[in-house]
Amino acid sequence: MGSMSIWHWAIVIVVVALLFGGRGKLSSIMGDAAKGIRAFKDGMKDEGEAKKDGVGSLPRTESEKEEANR
């Protein structure tokens, strides 16, 4: 339990190779994550502006439209 076996080292090597192997893999993964976070923030900002303006979700049926207009 105290020492690392060959399987432990193999797992460590595979993880390091996945993270740092190849050309710019880690930076491309981080770039994709940053784009996702930015898109999420933009979506939340758009939703907040719509609520602030009093614009909510659109009604789905004609009867819901009539109720919304009353």
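Residues numbered from 1 in each chain as written. Predicted model: local features only at pLDDT ≥ 70, side-chain atom pairs only at ≥ 80, totals over all residues. Heavy atoms only, no water.

A look at the overall build of the chain
Logical step 1: Helices and strands together make up the secondary structure of the chain, namely 3 helices and 0 strands.
Logical step 2: Within the chain, the fraction of its 70 residues that count as buried is 1%.
Logical step 3: If you sum the accessible surface of the chain, you get close to 6700 Å²; carbon and sulfur atoms cover 63% of it. (Helix = DSSP H or I, 4+ residues; strand = E, 2+ residues; numbered from the N terminus. Buried < 20%, exposed > 50% of the residue type's maximum accessible area, 1.4 Å probe, protein only. Areas by Shrake-Rupley, 256 points an atom, 1.4 Å probe, with all protein chains shown as cover.)

Section: the pattern of salt bridges
Logical step 1: Summed over all chains, the structure comprises 1 salt bridge.
Logical step 2: A salt bridge links Asp 42 to Lys 45; its shortest N-O distance comes to 3.9 Å. Here Asp 42 pairs with Lys 45, and both are found in helix α2 (residues 25–52), just 3 residues apart, close to one helical turn.
Logical step 3: Given the relative accessible area of 49%, Lys 45 is considered partly exposed. (Salt bridge = Lys/Arg side-chain N within 4 Å of Asp/Glu carboxyl O.)

Some details on a nonpolar patch on the surface
Logical step 1: The grouping of Met 4, Trp 9, Ile 11, Val 12, Ile 13, Val 15, Val 16, Leu 19, Phe 20, Leu 26, Ile 29 and Met 30 at the surface amounts to a nonpolar patch, some 1100 Å² of accessible area in total.
Logical step 2: Only α1 (6–20) and α2 provide two or more residues apiece to the nonpolar patch.
Logical step 3: Tracing the backbone through its elements, the reader meets Leu 26 in helix α2.
Logical step 4: The exposure class assigned to Leu 26 is partly exposed, which follows from its relative accessible area of 31%. (Patch = residues over 30% accessible without salt bridge, like charges linked within 9 Å, V, L, I, M, F, W, Y side chains within 5 Å.)

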